[in-house]
Amino acid sequence: MPESIATATTATEMANAIRALSMDAVQKANSGHPGLPMGMADVATVLFSDYLKFDPARPHWPDRDRFVLSAGHGSMLLYSILHLTGYERPTIEDIKNFRQLGSPCAGHPEFGELPGIESTTGPLGQGIGMAVGMAIAERHLNARFGDALVDHRTYALAGDGCLMEGISHEAASLAGHLRLGKLVVFWDDNSICIDGPTDMTVSDDQCARFEALGWHVCKTDGHDPASIKTALDEALASDKPSLIACKTIIGYGAPNKQGTSATHGAPLGDDEIAAARDQLGWPYKPFKIPDHIRSAWRATATTGAAEAKAWQDRLAEAGDETRTAFEAAISNHLPAGLDEAISQLKQSLVNDSQSMATRKSSEVALEVINGVVTTTIGGSADLTGSNNTKTSQTETITADDFSGRYIYYGVREFAMGAVMNGMALHGGIIPYGGTFLIFSDYCRPAIRLSALMGLRVIYVMTHDSIGLGEDGPTHQPVEHIASLRAIPNLNVFRPADSIETAECWQLALKDQNRPSIMALTRQGLPLVRIKFESDNLSEKGGYILSESSADAKVVLIATGSEVSAALGAQKILETAGTPARVVSMPSQSHFDNQPEEYRQSVLGQNLLRVSIEAGVTRGWERYVGIMGLRIGVNEFGRSAPGKDVMDHFGLTPDAIAEKILEALKAER
């Protein structure tokens, strides 16, 4: 057991500082969740005082321990600790402005708002998944760079709600399978949820569940520092991930409301706060921390500061090759040779001029990318052979060997997304993972958090339309592309051929501040970019792929597999005396970011604008206008061979041309 920084009496006072700041901030905001911070204050005090490796002066020190507050509604626990331990922010004024516009102390912790916040949390259970991802990242980088540079732990605090969420099972199952011995999850076992006692909702034996998943499990009195330390020592000695069930009283110290749902998600009220001050022996005014308690908290960072300095010395003493590789990985910078490698790939694809499904095109691109970018870790949710996400460089990560670069996630799409977020947050890794586009529904909450946090996480979503065929409407996405485009700060790429696929991968990798969706086909597609272009044309989001023979009367705007159909329709229209332009639009968001002059030059004016995409047409009115023609699929698909399904929904050159000619005739 580490030497304690504080005496038992001081430890109680230190914990009460968390309780006081939490109940005062929630009361001033008239909004928030005081129960968890008050209930878990003793556990947090022991963890930060005697175990957690951190340095407020170096909040991004790569070998720090990670702490994830999965139960993000208890955010005042984290804000209080960050302030008390001496991080630059939050200041006491920030805490006074808890949950107010412009305050970094948001209702739930938000990554990037404050140093020391390792992840955005609040959607329950996802913090467990992200913690698993961080623990995987630590083991992988340790296998690559050794104990001297990478040797730290990941801690997470979860509530009853986190364990009720299904993602807790997915993530914990994967963690147990990989024997992530440096992962510790504290369960705030207070038997209370918002609706009331948890026994009216669940009767699970959570400890037995985690034991069955391959975890070390122990129980502790969450208000007894000695008991907490004993549990932590057991956890740290285990080679398995650990669940510590902390029996606590929610709202501990509030004499009339503690142990009830009244403390969960509402201010205590002035009278109860006054009573709590008496109960806790805390005579100080709101937001006032006495010097001796503040000093005790500041002392908790002393050990971590020394360890951070020693680590910096070890990095300086590492060999040039190791140090350069480590710094390159942690900086998240791409190697200089990537652009040239993509350019050479594009040239070879033009020379070969092969038809292939864009999921296969993605594999071809990844074979090049993974040979140049050594920080990628791929994976798939039990669809490796269908998603084409594994390449020759990506050996499998296993419990016995973390040096690989590929994770078999199993049928755990949601956990895959959360784990990838955790790896990206940890740093040193660019994660990508595959499933069918239809199953983006299963991992959508993780995708949303990727976007909210601005993480470079790449989702490889194959079988992207009704064109997948026989699996039918249960597996044929129609609304998914449109719904994913609705998420702010998310790249949605739907490339038309092998060239665009390579370009979209290049764009996804270069964008350090947002996640990307790669929507890829099952069915083979012809090469539509038959001439080599050194520039990344997809970077503009939309561009003229094939110009009309004369002044265009119609512009066909298509994505993915429908681009080749649009080119076929163009030939029919030109033969019929209707000059037509074809625009490929692999990314609406990239196109939206172009200057107005460019966008208008591509879409044209005083002509019929037509969108063509094998999905719902909602959203395309922004490009074709109210009077434009939107060709797509506004109902569920059909089970039949892919070509027949496309024929049925009129997504063939003949059918598209016919609809356009009818629309032009109606305009006259």
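Values in this document were obtained by computation on a predicted structure and should not be read as measured data. (Residues numbered from 1 in each chain as written. Predicted model: local features only at pLDDT ≥ 70, side-chain atom pairs only at ≥ 80, totals over all residues. Heavy atoms only, no water.)

Visitor: Explain the pattern of salt bridges to me, using residue names and the numbers behind them.
Guide: Considering all chains together, one arrives at 29 salt bridges under this definition. For Glu635, the salt bridge identified is with Arg638, shortest N-O distance 2.9 Å. On the basis of relative accessible area, Glu635 is assigned to the partly exposed category, the value being 40%. Among the charged side chains, a salt-bridge network with shared partners connects Lys346, Glu503 and Arg529. (Salt bridge = Lys/Arg side-chain N within 4 Å of Asp/Glu carboxyl O. Buried < 20%, exposed > 50% of the residue type's maximum accessible area, 1.4 Å probe, protein only.)

Visitor: Report on the side chain of His216, specifying residues and quantitative values.
Guide: Mapped onto the secondary structure, His216 falls in strand E6 (residues 216–221). Relative accessible area serves as the criterion here: at 18%, His216 is assigned to the buried category. Apart from the residues within four sequence positions on either side, His216 is in contact with Glu234, Ala235, Ser238, Lys240, Pro241, Ser242 and Leu243. (Helix = DSSP H or I, 4+ residues; strand = E, 2+ residues; numbered from the N terminus. Contact = heavy atoms within 4.5 Å.)

Visitor: Tell me about the packing of aromatic side chains, residues and numbers included.
Guide: Two aromatic rings are characterised by how far apart their centres lie and by the angle between their planes. Tallied over the entire structure, the rule returns 16 aromatic pairs. Between Phe54 and Tyr87 the ring centres are 6.4 Å apart and the planes differ by 10°, which places this aromatic pair in the stacked class. Of the two residues, Phe54 is situated in the loop between helix H3 (41–50) and strand E1 (66–69) and Tyr87 in the loop between helix H4 (75–85) and helix H5 (92–96); the sequence distance between them amounts to 33 residues. Each member of the pair, Phe54 as well as Tyr87, is classed as buried. Look at Tyr406 and Tyr408: their rings are 5.1 Å apart centre to centre, the planes differ by 70°, and that puts the pair in the edge-to-face class. With a relative accessible area of 0%, Tyr406 lands in the buried category. An aromatic cluster is present here, built from Phe48, Phe54, Phe67 and Tyr87 joined pairwise through their rings. When the ring centre of Tyr406 is taken as reference, the NZ or CZ atom of Lys390 above it lies at 5.6 Å. Against the face of Tyr598 rests Lys540, its NZ or CZ located 4.9 Å from the ring centre. (Phe/Tyr/Trp six-rings, centres within 6.5 Å; stacked < 30°, edge-to-face > 60°. Lys NZ or Arg CZ within 6 Å of the ring centre and 35° of its normal.)

Visitor: Run through the packing of helix H6 (residues 126–145) against helix H18 (residues 413–426), naming residues and quoting values.
Guide: Contact geometry of H6 with H18 gives a least axis separation of 6 Å together with a crossing angle of 55°. The angle between H6 and H18 falls in the class oblique. Of the two possible hands of crossing, H6 and H18 adopt the one that is right-handed. On H18, the residues that touch Gln126, Gly129, Met130, Val132, Gly133, Met134, Ile136, Ala137, Glu138 and Leu141 of H6 are Phe414, Ala418, Val419, Asn421, Gly422, Met423, Leu425 and His426. (Axes fitted to C-alpha atoms, helices over the stretch in contact; angles between N-to-C directions. Parallel < 35°, antiparallel > 145°, perpendicular 65-115°, else oblique. Left-handed = near helix turned anticlockwise from the far one by under 90°.)

Visitor: Any details on the sheet that holds strand E18 (residues 580–584)? Residues and values, ideally.
Guide: With respect to topology, five strands assemble into an open sheet ordered E16-E18-E17-E19-E20, the strand pairing being mixed. A single partner strand is all that each edge strand has here, and the edge strands are strand E16 (543–546) and strand E20 (629–631). In this sheet, neighbouring strand axes are inclined to one another by 30° on average, regardless of whether the strands run parallel or antiparallel. Those strands touched by helix H27 (residues 653–667) are strand E17 (554–558), strand E19 (608–612) and E20, and its axis lies near 150° from that of E19. (Pairing = 2+ DSSP bridges.)

Visitor: Give a detailed account of the nonpolar core, specifying residues and quantitative values.
Guide: Among the nonpolar cores identified, the biggest contains 120 residues, and Phe186, Trp215 and Met423 are the most heavily contacted of them. In contact with Trp215, other than residues within four places in its own chain, are Ala172, Ala175, Gly176, Leu183, Val185, Phe210, Lys240, Pro241, Ser242 and Leu243. Counting residues in each nonpolar core, the second largest holds 44 residues, with Tyr598, Leu603, Met646 and Phe649 among its members. (Core = buried A, V, L, I, M, F, W, Y, C linked by side-chain atoms within 4.5 Å.)

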